Structure formats: structure tokens, C-alpha cells
Amino acid sequence: EPEVTQTPSHQVTQMGQEVILRCVPISNHLYFYWYRQILGQKVEFLVSFYNNEISEKSEIFDDQFSVERPDGSNFTLKIRSTKLEDSAMYFCASRWPWGTEAFFGQGTRLTVV
Amino acid sequence: AQTVTQSQPEMSVQEAETVTLSCTYDTSESDYYLFWYKQPPSRQMILVIRQEAYKQQNATENRFSVNFQKAAKSFSLKISDSQLGDAAMYFCAYSLPNFGNEKLTFGTGTRLTIIP
């Protein structure tokens, strides 16, 4: 069964460092998302991406965040200068063109120290 | 803005029994989707069941069923014949149809414990 794959599963980084989280969505999906879950809290929408541009972003997704699809298969989330409060589980998701179900990856746990 | 509320932070049920998890939401829209996602200890988000608001019939998936009350803006999940593998966080979620670009708004989750 096709699945969304995220790497790495766990990343530890020092405050102020740049980090890139990687995702390989399901191959024929066209809509891509990043969500964030701070430990013990609910899952929050960060950004959606379609046709090589951002469709929608939340207020969490400030200038420190960026997304791109560099090679037509990977979908990345970059945090330019990490803060302690960026520590969270980051989930990538993708969706069929006209479907209603988002498929999630297994998540990347980001720890900023 | 749409909000999703799960008023039960934790629930427990005996194995093989039935449990109902509650969810309410707030929206002024008439057409939308509702979902229950399961998050086991592995942390992956797994879709359990979905409901289209325009459908009056309640969705079912094997042991999982929903009670969708549109007027009351209520969307509860019933798990029948609970199994140990059902232990997880359960998140209720909402999205608006938007030509495939539907973002999900999640509730705060309910932690379900299965007692052997």
C-alpha cells in the first residue's frame, strides 16, 4: 500500500540552526501539507502546497519557515533559525486531487536544544 | 473560524466492551467533512472514519461507527468490541471542501485506554 514517508524520524538541533525535514508524498497526490504537534497538544495546520506554490498558511508559518518541492517527489519543510518552541512532532500529509482523505507520514520529532 | 472540541481528555473501556468518544464542532458552513484519526504510540496519524456533512447516513467501518448530529454539531465515535490495539489518542477533525486543498482542523484529542 502506498504511504507517505518522512525522514529523519528524530532530529536534534541546536537553537539558531537551520533544519530541513523531508517527506516523500504518495506519488500521484497533488496536495501536500505540513502539520505540527507540540508534545501533549493538538495537531495544528502549518501550510498547504499545490502546483509548486503555497495555497494556504497558518499564522504559525512565519518567515522562519519555508517549503519546497525541489525534484517533483520530495517535499521539504525548512526552519531557518530554530527556536526552543519549534520542538514538536512534524507531520507531512498528502491528498488525492479530488479526495477528502489526507494520508499522513509517521512524523519527524524535532528537538531543539 | 471553525473549532473542534473534544471534552474527554481520557477514556477507558474494558476489552470487548463498547465505548463512545465525543466531539463537537462549530461552523457556519453547511457542507464540510468530519474525520476521526487514531494516533497510536508510534505517533502516526491513521484515518479511522470520515463523514460528509451532506450525507444523513452515519458512516461505519467495521467496529467503528459515528453518530453524526448535524443540527447539534456533534460527531461521536463508537468503538464496538474494543481490542487492545485500539488503545491510542483519537482526534476528531474538520475540513471544508476546497477543490482538494482541504486543511484539517483538529480537536485536542481523547486518550483511550483498553483494560484487559
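Owing to the predicted nature of the structure, the values given are computational and were not obtained by experimental measurement. (Residues numbered from 1 in each chain as written. Chains lettered and ligands numbered in written order. Predicted model: local features only at pLDDT ≥ 70, side-chain atom pairs only at ≥ 80, totals over all residues. Heavy atoms only, no water.)

K.L.:
I keep staring at the overall build of chain A and nothing clicks. Help me out?
P.N.:
Broken down by element type, chain A carries zero helices and 11 strands. Start at the N end of chain A and walk to the C end: the helices and strands fall as β-β-β-β-β-β-β-β-β-β-β. Taken against the 2.2 N^0.38 rule, which gives 13 Å for 113 residues, the C-alpha radius of gyration of chain A at 13 Å falls within 12% of a compact globule. If you line up chain A on its principal axes, its C-alpha atoms span 40 × 25 × 25 Å. With 113 residues in all, chain A has 46% of them scored as buried. Summarising the internal contacts of chain A: among those between residues at least 6 apart in sequence, 53% fall at separations of at least 24. (Helix = DSSP H or I, 4+ residues; strand = E, 2+ residues; numbered from the N terminus. Rg over C-alpha atoms; globule rule 2.2 N^0.38 Å. Buried < 20%, exposed > 50% of the residue type's maximum accessible area, 1.4 Å probe, protein only. Contact = heavy atoms within 4.5 Å.)

K.L.:
I would appreciate a short explanation of the state of the cysteines in the present structure.
P.N.:
Formally, a disulfide is one covalent bond, and it connects the sulfur atom of one cysteine to the sulfur atom of another. All names here are of chain B. Inspection of the entire model under this criterion finds two disulfides over all chains. Shown here is the disulfide that connects C23 with C92, its sulfur atoms set 2.0 Å apart. Handedness here is read from the sign of the S-S torsion; for C23 and C92, about -70°, the answer is left-handed. In this pair, C23 sits in the loop between β3 (19-21) and β4 (24-26) while C92 sits in strand β10 (residues 88-95), placing the two residues 69 residues apart along the sequence. Residue C23 is classed as buried on the basis of its relative accessible area, which comes to 1%. The exposure class assigned to C92 is buried, which follows from its relative accessible area of 1%. (Disulfide = S-S within 2.5 Å.)

K.L.:
Where do I start with the interface of chain A and chain B in this structure?
P.N.:
Buried accessible area, meaning the area lost when the parts come together, often serves as the stated size of an interface. Taken together, the contacts link 25 residues of chain A with 20 residues of chain B. Surface buried jointly by chain A and chain B totals about 2,000 Å² across both partners, of which 52% is contributed by carbon and sulfur atoms. The interface formed by chain A and chain B contains three salt bridges. Measuring nitrogen to oxygen at the nearest pair gives 3.4 Å for the salt bridge that ties E102 of chain B to R95 of chain A. If you look at where chain A meets chain B, you find nine residue pairs in polar contact (both at pLDDT 80 or more). Looking at the side of chain A that touches chain B, the elements with two or more residues in it are β4 (31-37), β5 (43-50), β6 (53-57), β9 (88-95) and β10 (102-104) of chain A. The element best represented in the side of chain A that touches chain B is β4 of chain A, accounting for four residues. (Buried area = accessible area lost by both parts, 1.4 Å probe. Salt bridge = Lys/Arg side-chain N within 4 Å of Asp/Glu carboxyl O. Polar contact = N/O pair within 3.5 Å; in protein donor to acceptor, adjacent residues only side chain to side chain.)

Everything listed is a geometric property; what it means functionally is a separate question.
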